[in-house]
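Fold and contact review
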Amino acid sequence: MATEKNVNTLMENVSGPVLCPGDEGYEEELSAFQKAYRHNPAVVVGAADADDVRHAVRFAAEHRLPVAVQGTGHGLTVLDEGGLVITTGRLAQVQVDPQARTARIGAGAQWKHVSAATVPHGLAPLSGSAPHVGVAGYLLGGGIGLLGREFGYAADHVRALDVVTADGELRHVTPQDEPDLYWALLGGRDNFGVVTSVEIGLLPAARIYGGGLYYDAADAAAVLDHFRTWTASAPESVTSSVGMIEYPPIPVFPEPLRGRHVVHVRIATTDLAAGPGLVAPWREIATPIFEHLGELDYDEGGSIYREPDFAHAFHGNNVLLRELPPEALESVLRLSGPGAPVSCIMDLRHLGGAMSRPPEAPNSVPFREAQYILRVLSGLDDVSEESVRAAHKAVYEAVAPWVVGRSLNFVYGRRTSSEVVGEVYPEETLRRLADLKRVYDPNNLFRRNQNISPAE
Ligand SMILES: Cc1cc2nc3c(=O)[nH]c(=O)nc-3n(C[C@H](O)[C@H](O)[C@H](O)COP(=O)(O)OP(=O)(O)OC[C@H]3O[C@@H](n4cnc5c(N)ncnc54)[C@H](O)[C@@H]3O)c2cc1C
């Protein structure tokens, strides 16, 4: 039990805020990008440094409180009730070493903080579609980046992690010194400790060619089919995706898109010279209603997907596909496009390339044979979670013959571990993760997550 007296002792040891229900600032500390729900811990610790994390984990272990971690709250799926939550937003320092082409990043930083610091040095991180996503959660779940086909999963570029494990120790984890823990953290996410900082390799990719072409949804069948054939022979230097979305009629979106159901093709490549030629065939499929394509600085990469950066309530999931036959696409269009039973945002990303190869330093990011990831999500403002789940389930069932698994990063919405864990790891990977969980967290302190139970 965390009594008031105990919490006062924790406060004396911790430099960031320590808050309990009813305290001023408690709600704000727990506010997240996901707005459908939030953690309700007995204590929240706003870590100001790694030492705060160490004290918080020791306190939780001593008082048998489960520990959960929150960065930005983009990937909140399991809620804490009555435990201890550590928020990492204050750990946002970014230090770039341009000679070594590395960055050391506080676990609470967002990708926009990182690329702002690296681009002036001609370097880029392997970040994803939204610059406001948190570095730690993204990397620990794999990290499907804007340039993924060319360079692999973002996790494959992690050189070292500083992590507080369940025994309250701060460890510096590298593939050389702690290969098992390194392997488990990158893929096993928050099951093995609280990451306080990471060191990543950077890419000489400060300028890219990329952007998006938007078509009216009436052209969806032709555009999706072209995506299928185009990606079948696209070079590894190109990473692309196609989405379907009904834009709300609000001014944050470009005028031609407002209030319209569209198909959105997104492209990114470091091959600046080849970019325009690669895009040309897309203009012959149908006439785009809007496009923005060209060379851009890597820190403008958020314009490729144009995802909203304001907190909202949403639910979604994904499947990883080994192939993309025409009948799969027909079902996706019918069940998640215009006329679907609930309004859906569909996102189909091309994987493969370097993402299919094993990383230099082994990690537990699985299903590298997947060639595509299909995601479906919906806002929860006007529709129940139950009807959203039913509509999405129909899409995933229709593509089931080609599914190899799911990506942990793109599981959104309140879900139990039993629903998720068996689908995001192959059996052998899960067994090794459970064995290592028994070594590093035998009492399952880190269990308010998509939980890997310690092996018996
Ligand atoms: C708009 C949007 C765009 C996205 N685009 C991409 C994309 O292009 N590619 C991609 O791969 N993913 C993408 N994601 C998914 C995103 O990577 C995951 O949701 C990720 O978990 C978010 O991490 P976070 O720290 O921002 O969020 P949080 O919700 O704070 O954390 C997510 C998970 O990571 C764990 N975690 C966070 N920090 C730590 C830490 N310091 N130590 C241990 N565990 C920690 C948490 O416990 C939690 O389980 C996107 C998500 C959204 C909402």
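Here the structure is a predicted model, which means the values were calculated and not measured. Per-chain numbering applies: the sequence of each chain, read as written, is numbered from 1 onward. Residues qualify for local features only when their pLDDT is at least 70, as the model is predicted, and side-chain atom pairs are given and counted only at 80 or more; totals for whole chains, interfaces and linings, by contrast, use all residues. Hydrogen atoms and water are omitted, and side-chain values are computed over all heavy atoms in the structure.

What follows concerns the overall build of the protein. Only DSSP runs of H or I covering at least 4 residues are called helices, and only runs of E covering at least 2 are called strands; the numbering of each starts at the N terminus. Within the protein, the secondary structure is distributed over 15 helices and 17 strands. Across its three principal axes, the protein shows a C-alpha extent of roughly 70 × 50 × 45 Å. Considering the protein as a whole, with its 456 residues, one finds that 59% of them fall into the buried category. For the protein, the share of sequence-separated contacts (at least 6 apart) that also reach a separation of at least 24 residues comes to 74%. Computed with the Shrake-Rupley method and a 1.4 Å probe, the accessible areas treat only the protein chains shown as cover for residues. Total accessible area on the protein is roughly 17800 Å²; 49% of this is exposed by carbon and sulfur atoms. Between buried and exposed lies partly exposed: a residue is buried under 20% and exposed over 50% of the maximum accessible area for its type, with that area taken using a 1.4 Å probe on protein chains only. The contact rule is simple, with two residues in contact once any of their heavy atoms fall within 4.5 Å.

Time to look at the domain arrangement of the protein. According to the domain assignment, the protein contains domain 1 (4–87), domain 2 (94–204 + 422–440) and domain 3 (207–413). Computed from C-alpha coordinates alone, the two centres of domain 1 and domain 3 are separated by 35 Å. Each partner contributes residues to the interface: domain 1 has nine residues there, and domain 3 has 11 residues. By buried area we mean how much accessible surface two parts lose on assembly, using a 1.4 Å probe and totalling the loss over both. Carbon and sulfur atoms make up 63% of the surface buried where domain 1 meets domain 3, a total of about 750 Å² over both sides. What makes a salt bridge here is a side-chain nitrogen of Lys or Arg within 4 Å of a carboxyl oxygen of Asp or Glu, nothing more. There are zero salt bridges connecting domain 1 and domain 3. Here a polar contact is taken to be a pair of N or O atoms separated by no more than 3.5 Å, where protein atoms must pair a possible hydrogen donor with a possible acceptor and residues adjacent in sequence count only if both atoms sit in side chains. In this structure, the connection of domain 1 to domain 3 is made through four residue pairs in polar contact (both at pLDDT 80 or more). Note that Gly is not counted as nonpolar here; it falls among the polar residues with everything else outside the nonpolar set of Ala, Val, Leu, Ile, Met, Phe, Trp, Tyr, Cys and Pro and the charged set of Asp, Glu, Lys and Arg. Tallied by class, the residues present in the side of domain 1 that touches domain 3 amount to five nonpolar, three polar and one charged. Throughout the structure description, domain borders are defined by an automatic or database domain assignment.

With that settled, the discussion passes to the site of the ligand. Nearness is defined per residue: one heavy atom within 4 Å of the molecule or strand is enough. In the neighbourhood of the ligand, 31 residues make up the surrounding shell, with Gly71, Thr72, Gly75, Gly134 and Asp190 lying closest. Interatomic distance of 2.6 Å between a backbone N/O atom of Gly71 and an oxygen atom of the ligand. Separating an oxygen atom of the ligand from a side-chain N or O atom of Thr72 is a distance of 2.4 Å. In the complex, the protein chains occlude 96% of the 940 Å² of accessible area that the ligand would expose alone. Secondary structure elements with two or more residues in the shell around the ligand: strand 3 (67–70), helix 5 (135–140) and strand 9 (194–201). Examining the composition of the shell around the ligand, we find that four residues originate from one element, helix 5, more than from any other. A class-by-class count of the residues in the shell around the ligand yields 14 nonpolar, 13 polar and four charged.

DSSP calls a pair of strands paired once it identifies at least 2 bridges connecting them. Overall, mixed pairing links the four strands, which are arranged 1-2-4-3 in an open sheet. Because the sheet does not close on itself, it has two edges, and the strands there are strand 1 (18–19) and strand 3. With four bridges connecting them, strand 2 (residues 43–46) and strand 4 (residues 84–87) associate as parallel partners. Looking at strand 4, one finds that Val45 is bridged to Ile86.

Burial of strand 11 (residues 238–246) is extensive: eight of the nine residues sit out of reach of the surface. Direction of pairing for strand 11 relative to strand 12 (residues 261–269): antiparallel, over a ladder of nine bridges. Directly across from Ser241, in strand 12, lies its bridge partner Arg266. For strand 11 and strand 15 (residues 345–350), the ladder comprises four bridges, and the chain directions are antiparallel.

Our focus in this paragraph is the pattern of salt bridges. By the definition in use, this model includes 28 salt bridges. A salt bridge links Asp156 to Arg368, with the shortest nitrogen-to-oxygen separation between them at 2.9 Å. Pair noted here: Asp156 is in the loop between helix 6 (148–151) and strand 7 (158–164) and Arg368 is in the loop between strand 15 and strand 16 (372–379), with a separation of 212 residues, a long-range link. A relative accessible area of 17% places Asp156 in the buried class. Among the ionic pairs, Asp180 bridges to Arg432, the shortest N-O distance being 3.0 Å. Here Arg432 lies in helix 15 (residues 427–440) and Asp180 lies in helix 7 (residues 179–188), a separation of 252 residues in the sequence. Overall, the relative accessible area of 34% leaves Asp180 in the partly exposed class. Taken together, the shared-partner salt bridges connect Arg266, Asp347, Arg349 and Arg375 into one network.

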